[in-house]
Amino acid sequence: MLSSYQSIFKPGLFAGQVAIVTGGGSGLGRCTAHELASLGAKVALVGRKVEKLERVKDEIAKGGGEARTYSFDIREEEAIRTSIEKILKDFKRIDLLVNNAGGQFPSPLENISAKGWDAVVRTNLTGGFLMARECYTQWMREHGGAIVNIVADMWQGMPTMGHSGAARAGMVNFTETAAGEWAASGVRVNAVAPGWIASSGMDHYPPEMSDSIRAMKTHVPLGRLGTESEVSAAIVFLLSEAASFVTGATLRVDGAVPNNKVGYRLPPNEKPAPAYNGFHRAVMPKVLREE
């Protein structure tokens, strides 16, 4: 096991900067928070479950980084407004926002109720918009900044996840719109679209999906699932000065799954591409360990 985060980016890249990571208590958010902290950022961990956020805060502290926790529901406008005020009071600035929080449940469209649809759209689209808007109006409009919205591999549709696919597609368009409207304030807005990533989120799906999850890699042209570190690296690049002329873009991290066309399926990859895994606290999802 690695003793510290092995980022490919230079030490101190974000020294003196403050980053907000929503959904920071687990999965991709946890990994990204660790990498940002390892590169010098002070991290505001946002989520609904205090115990998860506190656990990640302690992990970051043990690695020499600094983080604080803020528990609230990103679907609630007033809670977001007051929480951004609190983060600014604590840290005095907000340079970076990673809109990572999200959630969905498997269901064919015909069985999704209006309540279920709205819950997913509010989490995966409205919450991200509200977080970005408040960071912009309360700080970034006058000081600049960088925002990365986490979407999903929703190209060619998302069967059994239509609510999430619609919300993620909306977030891509929001990203493009905000990039144009906020450019004059020195605010860059991009998105990262992860494909099938070996992350803790895989263990949240019902047992009947286990076989499908374990078979996912056979549909990936690169021959394997992605790692949390590979997604985090894409996020860090877009937040960094190396992406100073990149805004309004969506970066896919998916092993070319959307390029595996329905009319012509590529043969299985017998020699999977090497993986990058710099996260020293990464844990293989239980569903994959049982394979």
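Refer to the structure printed above.
Along each chain, the written sequence defines residue order, and numbers are assigned to residues from 1. Note on the predicted model: pLDDT of at least 70 is required for a residue's local features to be given, and 80 or more for side-chain atom pairs to be given and counted; whole-chain, interface and lining totals, by contrast, use all residues. The basis for every side-chain value is the complete set of non-hydrogen atoms in the structure, without hydrogens or water.

### Focus: the packing of aromatic side chains
Then, in step 1: Paired rings are identified among Phe, Tyr and Trp, the last through its six-membered ring, by centres lying within 6.5 Å, and are further divided according to the angle between planes into stacked (under 30 degrees), edge-to-face (over 60) and tilted (the rest). The tally for this structure, following the rule as stated, stands at four aromatic pairs.
Then, in step 2: A network of ring pairs unites the aromatic residues F129, Y136, F174 and W182 as a single cluster.
Then, in step 3: One Lys or Arg, R68, reaches over the ring of F91 and ends 5.1 Å from the middle of that ring. Here, over-ring charges are defined by two tests on the NZ atom of lysine or the CZ atom of arginine: distance to the ring centre within 6 Å, and angle to the ring normal within 35 degrees.

### A few points about the environment of T32
Then, in step 1: For helices the rule is a DSSP run of H or I covering at least 4 residues; for strands it is a run of E covering at least 2, with both sets numbered from the N terminus onward. Checked against the element boundaries, T32 lands in helix α1 (residues 27–38).
Then, in step 2: Along the backbone, T32 and S244 are 212 residues apart, and their C-alpha atoms lie at a distance of 20 Å.

### A short note on helix α3 (residues 77–91)
Then, in step 1: Expected span of a helix, by definition, is 1.5 Å for each gap between consecutive residues, and there is one gap fewer than residues. The terminal C-alpha atoms of α3, which comprises 15 residues, lie 21 Å apart, in line with the 21 Å expected from a rise of 1.5 Å per residue.
Then, in step 2: Residue contacts are defined here by distance: any two heavy atoms, one from each residue, within 4.5 Å place the two residues in contact. In the core, the buried residues of α3 are packed alongside β1 (18–22), β2 (42–47), β3 (66–71) and α4 (114–143).
Then, in step 3: Of the residues one or two after α3, K92 is the one with positive phi, at around 75°.

### So, the sheet that holds β1
Then, in step 1: Two strands form a pair only when DSSP identifies at least two bridges running between them. Read from one edge to the other, the open sheet built from seven strands follows the order β3-β2-β1-β4-β5-β6-β7, with strand pairing classed as parallel. The open sheet has two free edges, formed respectively by β3 and β7 (250–253), since each of these has just one partner strand. Each strand of the sheet is rotated relative to its neighbour by a mean of 20°, with strand direction disregarded.
Then, in step 2: Alignment of strand β5 (residues 145–150) against strand β6 (residues 187–194), held across six bridges, turns out to be parallel. Each residue of the ladder has a partner; that of A146, found in β6, is R188.
Then, in step 3: Each axis is a line fitted through C-alpha atoms, taken for helices only over the stretch in contact, and angles between the N-to-C directions span 0 to 180 degrees. In the packing of helix α2 (residues 50–62) onto the sheet, the strands contacted are β2 and β3, and the crossing angle to β3 comes to about 175°.
Then, in step 4: Packed on one face of the sheet, α3 meets β1, β2 and β3 and runs near 155° to β3.

### Focus: the packing of α4 against helix α5 (residues 162–181)
Then, in step 1: In contact at an axis separation of 8 Å, α4 and α5 are set at 20° when each is read in the N-to-C sense. On the basis of their axis angle, the class for α4 and α5 is roughly parallel. Like other packed secondary-structure pairs, α4 and α5 cross with a definite hand, here right-handed. Facing α4, whose interface residues are G116, W117, V120, V121, N124, L125, G128, F129 and A132, α5 presents G162, H163, S164, A166, A167, R168, G170, M171 and F174.
Then, in step 2: Looking at the contact of α4 with α5, its residues break down into ten nonpolar, seven polar and one charged. Reported orientations rely on four angle classes, namely roughly parallel under 35 degrees, roughly antiparallel over 145, roughly perpendicular from 65 to 115, and oblique for the rest. By definition, any crossing whose near helix is turned counterclockwise from its far helix by less than a right angle is left-handed, and any crossing with a clockwise turn is right-handed. Residue polarity is assigned by list, with Asp, Glu, Lys and Arg as charged and Ala, Val, Leu, Ile, Met, Phe, Trp, Tyr, Cys and Pro as nonpolar; anything else, Gly included, falls into the polar class.

### Looking at unusual backbone geometry
Then, in step 1: For T160, which is not glycine, the phi dihedral falls at a positive 70°.
Then, in step 2: Here T160 lies in the loop between β5 and α5.
Then, in step 3: The backbone of A256 shows a phi angle near 75°, a positive value even though the residue is not glycine.
Then, in step 4: Following the sequence through the fold, A256 ends up in the loop between β7 and α8 (286–289).
Then, in step 5: Under the relative-accessibility criterion, A256 is labelled partly exposed at 25%. Buried residues are those whose accessible area, probed at 1.4 Å on protein chains only, stays under 20% of the maximum for their type, while exposed residues exceed 50% and partly exposed ones sit between those limits.

### Observations regarding the environment of G170
Then, in step 1: Among the structural elements, G170 can be located in helix α5.
Then, in step 2: Of the residues examined, G170 reaches a relative accessible area of 25% and is grouped as partly exposed.
Then, in step 3: The sequence separation of G170 and V253 amounts to 83 residues, and the corresponding C-alpha distance is 19 Å.

### Section: α1
Then, in step 1: Relative to the 16 Å expected for twelve residues at 1.5 Å per residue, α1 spans 17 Å between its end C-alpha atoms, a close match to the ideal helical length.
Then, in step 2: By the criterion of burial, α1 is predominantly enclosed, with eleven of the twelve residues buried.
Then, in step 3: Of all the residues in α1, the buried ones are G27, L28, G29, R30, C31, T32, A33, H34, E35, L36 and A37.
Then, in step 4: Summarising the contacts, the buried residues of α1 are in contact with β1, β2, α2, β4 (96–99), β6 and α7 (228–239).

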